[in-house]
Amino acid sequence: MSAVIATRALVKRFGRLRAVDGIDLDVRAGDVYGFLGANGSGKTTTVRMLLGLVLPTSGEVELLGERMPRAGRRVLPRVGALIESPAHYGHLSGAENLKLLDAAGPGGSWRTRGRRVAEVLEQVGLGGVGRRPVTAYSLGMRQRLGLAGALLRRPDLLVLDEPTNGLDPQGIAEIRELLLELHRGGTTVFLSSHLLAEVEQLCSRVGVLDRGRLVLQDDLATLTAPTGATVVRTPEPDRVRALLDARVIAVDGDRLVVRGPDPAAVNALLVGAGIPVTALALDRPSLEEVVLAAAATSADRVEAVR
Amino acid sequence: MILVELRKLFRRPRTWATVAVLNALPVLVAVLLVLTDLAPRPGEGPPFLSAVLSNGALYPLAALAIVLPLFLPIAVAVVAGDAVAGEAQAGTLRYLLARPAGRTRLLVAKLVAVLAFVLLAVVVVAAVGYVVGISLFDAQPVAGTTSVSGTSLSSGEIAGRTAMAIGYVGVSMLGVAAFALFFSTLTDSPLGATMGALAVLVASSLLFTLDAASPIAPYLPTRYWLAFVDLFRDPILWRDLTRGLALQGVYVGVLLAAAWANFTTKDITS
Ligand SMILES: Nc1ncnc2c1ncn2[C@@H]1O[C@H](COP(=O)(O)OP(=O)(O)OP(=O)(O)O)[C@@H](O)[C@H]1O
Ligand SMILES: [Mg+2]
């Protein structure tokens, strides 16, 4: 599989602060990549380096197989970006903003411009917004317009820094649907966020940034793979304890975690002993647990180094 | 890209408001002159103003002389200071560069747009001055006009020399624009960039009046601004004019190179 985003030992220092500290991103074609990290962990700085806005202190960035920022003129027209927050010329309408942006760089023919602008506005749900100036837009409308700008040239790669900022739950769900649809159409999506739920619902791969270091990078399915235990709910936890004894890993009220990768086998055992079972499930860590575990250990390590 | 920048600049209400304000003062002065008939005596007040009561065709020059010390530089510094820093403050700079507009291209396009504004401002001030001049004052279409040196100039000569004066003032303003554009690449605050450029001009004007600063006086950016008056001597006194052009050329060249060097290597964190 070809790498769409690859960085090698990427470092950015702001004075004494290492905002990004030697990260090796690996985003492949067809991924929906969730780039997670707490506030100030360096997500935006990384995104800006990917796009050639911030120049790395050291290390390399490769975007769509070419070195950035050198190949920016060839590569960036194929990349759609939303960086931190949308920004527009307030006295102009949304459509005019998009037309100006399209005309400002290579790879957008003026003949198709009007049609493409109308299409993306429709796509992000701003089709009927008319000639109102952007000053009169709500926060959510501006966010949608920003996304429309990113989609304007049908990019192969979308780099989105917190794209659902300021959107209401319906808006978030709508954007999620839109991103999944684009992904089905072959677009690779790189999504930075600190909303774990958003990433869990959307992403196939996850990278976790903690104080500038990439502490985790893996498929979501691998990270949240079954732990080899089964979760059992029963009104009679004591009898389960008595029956299975050492196989019980944890008890929390009527919820027990029992060693054994096959819920059916665990169930047969319990039912055979006449213990009622109200719920049964494979034990999987949530993304939150995975992220907190990874970020916590690395936080200690950074502290120790200082 | 250049067309995009021109469209942005001239679709902006503020650009036209600036031009309108720029013309308000010369028009007001003209009206006051007509109503009171009290022209400053020759050698006092802004150049050419004493002559306009007898010849309205000179009013474009008087208008330029009126706005030159303060209004015109402020207008140019506002527009040029806004060029890059304004985009940075609005956040649109990062989207332009990620589009990618190209840093050098963007800077060149901004420069051309600022240039267009300088030309527009100077030409509009002269044109409005002309209209105001010939409608409010006596025009002398045929008879010779007296040059600053006392000889007479034909109206053809006046027209040609006025055009040269407009060009010269334009070049002087280009120096202001270069300062403001350079500061505009340094900061994310358009106000800061504009103020920086104006501070340079105020400092330069102040030093010019100071005897102790006479060793550096020939290198002050505002030193030769008023040399366009020399175009109306007979014969034209070229010495200060050419020095003025050369000085502005050096300032513009150095500052634009510095702006380019800074802008193409800078982190865009706005
Ligand atoms: N221009 C700058 N100068 C100095 N330090 C900076 C600059 N930009 C960012 N930083 C620092 O770099 C670190 C990473 O910032 P960054 O904006 O990349 O974080 P983030 O992960 O995007 O956070 P958030 O979730 O709040 O958006 C922060 O500690 C920040 O203070
Ligand atoms: Mg951020």
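To be clear, the structure that these remarks concern was listed above.
**Details of the overall build of chain A**
A count of helices and strands for chain A gives 11 helices and 15 strands. Expressed along its principal axes, the backbone C-alpha trace of chain A runs to roughly 75 × 50 × 35 Å. A burial count over chain A gives 50% of its 306 residues as buried. Of the contacts formed within chain A by residues at least 6 apart in sequence, a portion of 67% connects residues at least 24 apart. Charge-centre separation for chain A: the mean point of 38 positive side chains lies 8 Å from the mean point of 35 negative side chains.

**Brief notes about the packing of aromatic side chains**
Evaluation of the coordinates by the stated rule reveals eight aromatic pairs over all chains. Pairing Tyr-33 of chain A with Phe-35 of chain A gives two aromatic rings, centres 6.5 Å apart and planes at 45°, and the pair type is tilted. Grouping residues by exposure puts Tyr-33 of chain A and Phe-35 of chain A together as buried. Here the aromatic rings of Tyr-59 of chain B and Phe-137 of chain B are separated by 5.5 Å at their centres, their planes lie at 40°, and the arrangement is tilted. Taken together, the residues span a long stretch of sequence, with Tyr-59 of chain B in helix α3 (residues 59–67) and Phe-137 of chain B in the loop between α6 (103–136) and β1 (145–146) at a distance of 78 residues. In terms of burial, Tyr-59 of chain B and Phe-137 of chain B fall into one category: buried. Aromatic ring contacts, followed pair by pair, group Phe-179, Phe-182, Phe-183 and Tyr-251 of chain B into a single cluster.

**Considering empty space enclosed by the protein**
Under the counting rule described, the total for this entry stands at three cavities of 30 Å³ or more. The space that makes up the largest cavity amounts to roughly 260 Å³. Among the secondary structure elements, those contributing two or more residues to the lining of the largest cavity are β7 (79–82), α3 (94–103) and α5 (139–151) of chain A together with α1 (2–10) and α5 (92–98) of chain B. Grouping the constituent residues of the lining of the largest cavity by class yields 15 nonpolar, six polar and three charged. Here the second largest cavity is characterised by a volume of approximately 60 Å³. Considering each element in turn, the lining of the second largest cavity owes the most residues, four residues, to helix α6 (residues 169–184) of chain A.

**Focus: the pattern of salt bridges**
Residues and elements named next belong to chain A. Under the definition given, this model contains 32 salt bridges over all chains. Measuring nitrogen to oxygen at the nearest pair gives 2.9 Å for the salt bridge that ties Arg-144 to Glu-174. You can see Arg-144 sitting in helix α5 and its partner Glu-174 sitting in helix α6, a full 30 residues away along the chain. Judged by its relative accessible area of 14%, Arg-144 falls in the buried class. Salt-bridge contacts for Asp-219 lead to Arg-205; the nearest nitrogen and oxygen are separated by 3.4 Å. Here the residue Asp-219 occupies a position in strand β11 (residues 213–219), and Arg-205 occupies one in strand β10 (residues 205–210), the gap between them amounting to 14 residues. Among the residues examined, Asp-219 registers a relative accessible area of 30% and is labelled partly exposed.

**Here's the deal with the interface of chain B and chain A**
Opposite the 27 residues of chain B that make contact, chain A presents 34 residues. Here chain B packs against chain A, burying approximately 2,500 Å² in sum over the two surfaces, 56% of which is carbon and sulfur. A salt bridge links Lys-12 of chain A to Asp-267 of chain B; the nearest nitrogen and oxygen atoms lie 2.6 Å apart. Run the count over chain B and chain A and you get 18 residue pairs in polar contact (both at pLDDT 80 or more). Mapped onto the side of chain B that touches chain A, the elements with two or more residues apiece are α1, α4 (71–90), α5 and α6 of chain B.

**Let's talk about the sheet that holds β7 of chain A**
Residue and element names in this part refer to chain A. Spatial ordering of the open sheet is given by β7-β8-β9-β4-β10-β11, a layout of six strands whose pairing is mixed. The open sheet has two free edges, formed respectively by β7 and β11, since each of these has just one partner strand. Strand-to-strand twist of the sheet, defined as the mean angle between neighbouring strand axes without regard to direction, takes the value 15°. Relative to strand β9 (residues 188–193), strand β8 (residues 157–161) runs parallel, the two sharing five bridges. Opposite Leu-157, over in β9, you have Thr-188 as the bridge partner.

**Some words on the pairing of β9 of chain A**
All names here are of chain A. When you tally the buried positions in β9, you get six out of six residues, the bulk of the element. Side-chain alternation along β9 places Thr-188, Phe-190 and Ser-192 on one buried face and Val-189, Leu-191 and Ser-193 on a second face that is also buried. With five bridges connecting them, strand β4 (residues 32–37) and β9 associate as parallel partners. Bridging across to β9, Phe-35 finds its partner in Ser-192. Between β8 and its parallel partner β9, the chain crosses via α6, and the hand of that crossover is right-handed.

**Quick look at the site of ligand 1**
As a structural note, the neighbourhood of ligand 1 is formed by 14 residues, with Asn-39, Gly-40, Lys-43, Thr-44 and Thr-45 of chain A the closest of them. At ligand 1, the nearby residues belong to more than one chain, namely chains A and B. Contacts to ligand 1 include Lys-43 of chain A, whose side-chain N or O atom sits 2.7 Å from an oxygen atom. Contributing elements (two or more residues each) for the shell around ligand 1: β2 (17–23) and α1 (43–50) of chain A. Per element, the largest residue contribution to the shell around ligand 1 is three residues, and it comes from α1 of chain A. The residue inventory of the shell around ligand 1, partitioned by class, reads four nonpolar, eight polar and two charged.

**Considerations on the nonpolar core**
Grouped together as the largest cluster of nonpolar side chains are 156 residues, with contacts concentrated most on Phe-190 of chain A together with Tyr-59 and Phe-228 of chain B. Looking at which element gives the most residues to this core, the answer is helix α7 (residues 155–186) of chain B, with 13 residues. Once residues within four sequence positions are removed from consideration, Phe-228 of chain B is found in contact with Phe-48, Leu-61, Ala-65, Leu-68, Ala-165, Tyr-168, Val-169 and Leu-241 of chain B. If you look at the next biggest cluster of nonpolar residues, it comprises nine residues, including Val-240, Leu-244, Val-258 and Val-266 of chain A.

Definitions and limits used
Residues numbered from 1 in each chain as written. Chains lettered and ligands numbered in written order. Predicted model: local features only at pLDDT ≥ 70, side-chain atom pairs only at ≥ 80, totals over all residues. Heavy atoms only, no water. Helix = DSSP H or I, 4+ residues; strand = E, 2+ residues; numbered from the N terminus. Buried < 20%, exposed > 50% of the residue type's maximum accessible area, 1.4 Å probe, protein only. Contact = heavy atoms within 4.5 Å. Lys, Arg positive; Asp, Glu negative; His and termini not counted. Charge placed at Lys NZ, Arg CZ, Asp CG, Glu CD. Phe/Tyr/Trp six-rings, centres within 6.5 Å; stacked < 30°, edge-to-face > 60°. 1 Å grid on protein atoms, 1.4 Å probe; cavity = no way out; pocket = protein on both sides within 12 Å on 5 of 7 lines; lining within 4 Å. Points joined across faces, edges and corners; volume = space filled by probe spheres on them. Nonpolar A, V, L, I, M, F, W, Y, C, P; charged D, E, K, R; others polar. Salt bridge = Lys/Arg side-chain N within 4 Å of Asp/Glu carboxyl O. Buried area = accessible area lost by both parts, 1.4 Å probe. Polar contact = N/O pair within 3.5 Å; in protein donor to acceptor, adjacent residues only side chain to side chain. Pairing = 2+ DSSP bridges. Axes fitted to C-alpha atoms, helices over the stretch in contact; angles between N-to-C directions. Right-handed = clockwise from strand over helix to strand, strands pointing away. Near = heavy atom within 4 Å. Core = buried A, V, L, I, M, F, W, Y, C linked by side-chain atoms within 4.5 Å.

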